[in-house]
Each structure stands twice: as structure tokens, then as C-alpha cells.
Amino acid sequence: MLRDITIGQHFPGNSLVHRFDPRLKLVLTILYIVLLFAASNPLGLALSLIFLAAMYAVAKIPFKLILKSLKPIFPIIVFTAVLNPFFFSGEGDPGVKLGFLTVYAEGIRYAVLMAVRVMALIAGTSLLTYTTSPIVLTDAIEQLLKPLGRLHFPVHELAMMMSIALRFIPTLIEETDKIMNAQKARGAQLDNGKMTERIKALVPVLVPLFISASRRADERATARGGRCYRGGDGRPRLKVLRCEKQDYIDLAVCIACFAAILASRLVFPNF
């Protein structure tokens with residue numbers, strides 16, 4: 001069940017984070033990402049992590065899901081963290097010197113902070129998708145972009161495309177697993193050999209996956225056309241998004257926490 005939840009990127013629940021208005025949740029997620037780069041000192045990042053851990057605790061999301069969301073990008077984080085110290089110049093004597101490569105203490109500090117910041121960014125955006133279903137998230141995006149409709153921007157079409165894309169992700173992942181297992185059963189070496197050989201071995205996987213995705217998209221378009229779907233203005237909604245009193249209380253608490261984190265950068269810039 002944990003694997004299915006991870007694929008769908010939605011962890012069902014009835015916590016305060018789950019019930020929070022998706023429009024405010026999306027805006028706060030964007031503000032949190034900006035805050036990670038604005039309050040980039042160790043104290044600010046530590047407070048950001050504490051806030052994120054508290055949100056995960058309130059949402060009652062297992063720690064395993066956080067690790068699974070970080071697992072795909074963990075090699076990239078390690079790779080950038082290892083390279084950053086060699087390209088960061090500092091003051092004073094170098095800590096380590098390997099031939100023409102010099103590592104300063106400031107470079108190591110910067111690499112650690114960058115790695116922590118990226119992990120917090122991924123975990124923060126994952127919290128949004130874990131606590132918000134794709135349909136509700138799409139409705140929130142459409143509501144937030146609605147003012148652009150006055151400029152003849154296709155808001156509804158964009159939201160519909162995002163909704164279909166989000167709903168297709170689990171299907172495409174399962175389809176990829178089936179194709180890879182079928183190719184391995186035929187003797188394909190997908191996990192062995194050099195990097196170039198692995199890339200070439202993915203061609204028999206990508207081609208049928210692309211054909212399957214095109215077929216599913218055509219079937220979805222035919223089904224919508226058969227039901228005379230038009231969308232846009234006048235389309236009724238099963239659930240209308242409205243902010244309740246609890247949403248405003250939660251918003252005020254989050255803004256207060258964000259202000260405290262940002263103040264830590266201003267009051268303690270070197271800590």
C-alpha cells in the first residue's frame with residue numbers, strides 16, 4: 001500500500017493540513033520555497049526544517065514517504081555537494097588541498113547548506129502533493145490563475161492539461177514497470193553495462209511507452225468528445241472552494257512562522 005501511495009503522490013487523511021484550503025496551501029508552498037533561499041543562514045534553515053517537520057507531524061505522514069520522495073534526487077544532491085567545495089573560494093588558509101584543487105571551510109559550509117536547502121525544497125513540495133489530491137490541486141491552480149482569463153489566457157485548458165498529466169503519472173509508471181519487466185524477460189540488459197549501453201537499452205522501453213501514452217491520450221480525447229465535454233465558463237463544480245475560519249487561522253500561524261524564520265536572517269545574519 002505504501003508503494004501505491006507513493007506512486008499516486010497523495011496520502012489520504014483528515015488532518016488540518018489535509019483540510020487546509022488548497023489555494024492557500026499552494027501559495028504558502030511557493031512562499032516556503034522563496035523563504036528557503038531568502039533565509040539561507042544555518043539558523044534560518046534549521047527553523048525551516050523544524051517548521052516542515054511540524055507540518056509533516058500534523059499531517060501524520062510516515063517518515064518513509066519523505067525518504068521515498070528524496071530518493072530519486074539523492075544522487076544529484078550528493079554529486080553537487082561533493083563538487084561545490086572545489087569551486088568555492090574562501091578567505092584564509094585552505095582546509096584541504098589536492099593538487100590544483102583547493103577546499104575552503106566556507107565551501108564545505110556552502111555545500112552542506114545547499115544540500116539541506118534542496119532536500120527541504122523537495123520535502124516541502126512533496127507535502128503539498130501528499131496532502132492534496134490532483135483534482136483539488138488543479139482546481140486551486142485554475143482559481144489562482146483565473147484573473148489571467150481577462151487577458152484571454154486559456155486558464156481552464158491549462159488546468160485541465162495539468163489534471164490529466166497528474167492523473168497519468170501513476171499509469172505511466174506502472175506501464176513502464178510492465179514494459180521493463182517484459183524486456184528483461186526477453187533477455188534485455190537494462191541494469192548492466194556502461195552508461196552508453198544502458199541508454200541504448202532504454203530505446204525498446206521508450207518506444208512502446210510513447211505509443212501506449214499516445215493511445216491512452218487518444219482514447220481519453222475520444223471519450224470526452226463522446227460526452228460532449230466543452231468545459232470553460234459555465235461548467236459546474238462538484239466541490240466549490242471556500243475559505244473557512246480555520247483556514248484563516250492556519251494562514252496566520254504559517255505567516256507568523258515564516259516571519260520568524262525571515263527575521264532570523266536579519267537579526268542573526270552570521271548564525
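As shown above, the structure is provided for reference.
Note that this is a predicted model, so its numbers are computed, not measured.

Rules used in this analysis
- Residues numbered from 1 in each chain as written.
- Predicted model: local features only at pLDDT ≥ 70, side-chain atom pairs only at ≥ 80, totals over all residues.
- Heavy atoms only, no water.
- Helix = DSSP H or I, 4+ residues; strand = E, 2+ residues; numbered from the N terminus.
- Buried < 20%, exposed > 50% of the residue type's maximum accessible area, 1.4 Å probe, protein only.
- Contact = heavy atoms within 4.5 Å.
- Areas by Shrake-Rupley, 256 points an atom, 1.4 Å probe, with all protein chains shown as cover.
- Core = buried A, V, L, I, M, F, W, Y, C linked by side-chain atoms within 4.5 Å.
- Polar contact = N/O pair within 3.5 Å; in protein donor to acceptor, adjacent residues only side chain to side chain.
- Salt bridge = Lys/Arg side-chain N within 4 Å of Asp/Glu carboxyl O.
- Axes fitted to C-alpha atoms, helices over the stretch in contact; angles between N-to-C directions.
- Parallel < 35°, antiparallel > 145°, perpendicular 65-115°, else oblique.
- Nonpolar A, V, L, I, M, F, W, Y, C, P; charged D, E, K, R; others polar.
- Expected span 1.5 Å × (residues − 1).
- Phe/Tyr/Trp six-rings, centres within 6.5 Å; stacked < 30°, edge-to-face > 60°.

Engineer: Sorry, what's going on with the overall build of the protein here?
Structural biologist: Of the regular secondary structure elements, the protein holds 12 helices and 2 strands. In the protein, the order of α-helices and β-strands from amino to carboxyl end is α-α-α-α-α-α-β-β-α-α-α-α-α-α. Counting only residues that meet the buried cut, the protein has 31% of its 271 residues in that class. Sequence separation of 24 or more characterises 74% of the internal contacts of the protein that already satisfy a separation of 6 or more. Total accessible area on the protein is roughly 17,400 Å²; 67% of this is exposed by carbon and sulfur atoms.

Engineer: Even after reading the chapter, I still don't get the nonpolar core, so can you show me in this structure?
Structural biologist: One broad trend across soluble globular proteins is that nonpolar side chains are buried collectively. One finds Tyr32, Tyr56, Ile61 and Leu127 to be the most contacted residues of the largest nonpolar core, which totals 27 residues. Within the residue set of this core, elements represented by two or more residues are α3 (22–38), α4 (42–59), α5 (63–70), α7 (105–131) and α12 (245–267). Not counting the four nearest positions on each side in its chain, Tyr32 is found in contact with Ser48, Leu49, Phe51, Leu52, Ala120, Gly124 and Phe258.

Engineer: I tried to follow the side chain of Thr132 on my own but got confused; where do I start?
Structural biologist: By the secondary structure assignment, Thr132 is in the loop between α7 and α8 (134–144). On the basis of relative accessibility, which here comes to 3%, the residue Thr132 falls in the buried class. For Thr132, the side chain forms a polar contact with the side chain of Lys25, separated by 3.0 Å. One polar contact links the side chain of Thr132 to the main-chain carbonyl oxygen of Leu128, over a distance of 2.9 Å.

Engineer: Looking at this model, I keep getting lost on the pattern of salt bridges. Mind explaining?
Structural biologist: Oppositely charged side chains can form a pair if their charged atoms are brought close together. Enumeration according to the criterion identifies 2 salt bridges in this entry. In this structure, the salt-bridge partner of Glu175 is Arg216, at a minimum N-O distance of 3.2 Å. Highlighted residues: Glu175 in helix α9 (residues 155–185) and Arg216 in helix α11 (residues 203–226), separated in sequence by 41 residues. What makes Glu175 buried here is its relative accessible area of 15%.

Engineer: Any chance you could explain the packing of α3 against α7 here in plain terms?
Structural biologist: When two helices pack together, their arrangement is given by the angle between their axes and by how far apart the axes lie. Direction vectors running N to C along α3 and α7 enclose 175°, while the axes themselves pass 10 Å from each other. The angle between α3 and α7 places the two elements in the roughly antiparallel class. When α3 is examined against α7, the residues Lys25, Leu26, Thr29, Tyr32, Ile33, Leu36 and Phe37 are found in contact with a partner set consisting of Arg117, Ala120, Leu121, Gly124, Thr125, Leu128 and Thr131. Its residues placed into classes, the contact of α3 with α7 shows 8 nonpolar, 4 polar and 2 charged.

Engineer: It is not clear to me how α3 should be interpreted in this structure. Could you clarify?
Structural biologist: Think of an α-helix as turning once every 3.6 residues; residues three or four places apart then point the same way. Over its 17 residues, α3 runs 24 Å from end to end, which matches the ideal 24 Å to within 8%, given 1.5 Å per residue. Among the residues making up α3, those that are buried are Pro22, Arg23, Leu24, Lys25, Leu26, Leu28, Thr29, Tyr32, Leu35 and Leu36. For α3, the N-terminal capping position is held by Asp21, with its side-chain oxygen 2.9 Å away from the main-chain nitrogen of Arg23.

Engineer: I'm lost on the packing of aromatic side chains in this one. Help?
Structural biologist: A full pass over the atoms with the stated rule returns 3 aromatic pairs. Taking 5.2 Å as the distance between ring centres and 70° as the angle between the ring planes, the aromatic pair formed by Phe51 and Phe258 counts as edge-to-face. On the criterion of sequence distance, the pair formed by Phe51 in helix α4 and Phe258 in helix α12 is long-range, its members being 207 residues apart. Phe258 shares its class with Phe51; the two are buried. In this structure an aromatic cluster arises from ring pairing among Tyr32, Phe51 and Phe258.

Engineer: What exactly am I supposed to notice about unusual backbone geometry here?
Structural biologist: Peptide bonds are, in most cases, trans, and in most cases residues other than glycine have a negative phi. The backbone phi angle of Lys60 is positive, close to 60°, even though this residue is not glycine. Here Lys60 lies in the loop between α4 and α5.

Bear in mind that shape data such as this cannot, by itself, settle questions of function.
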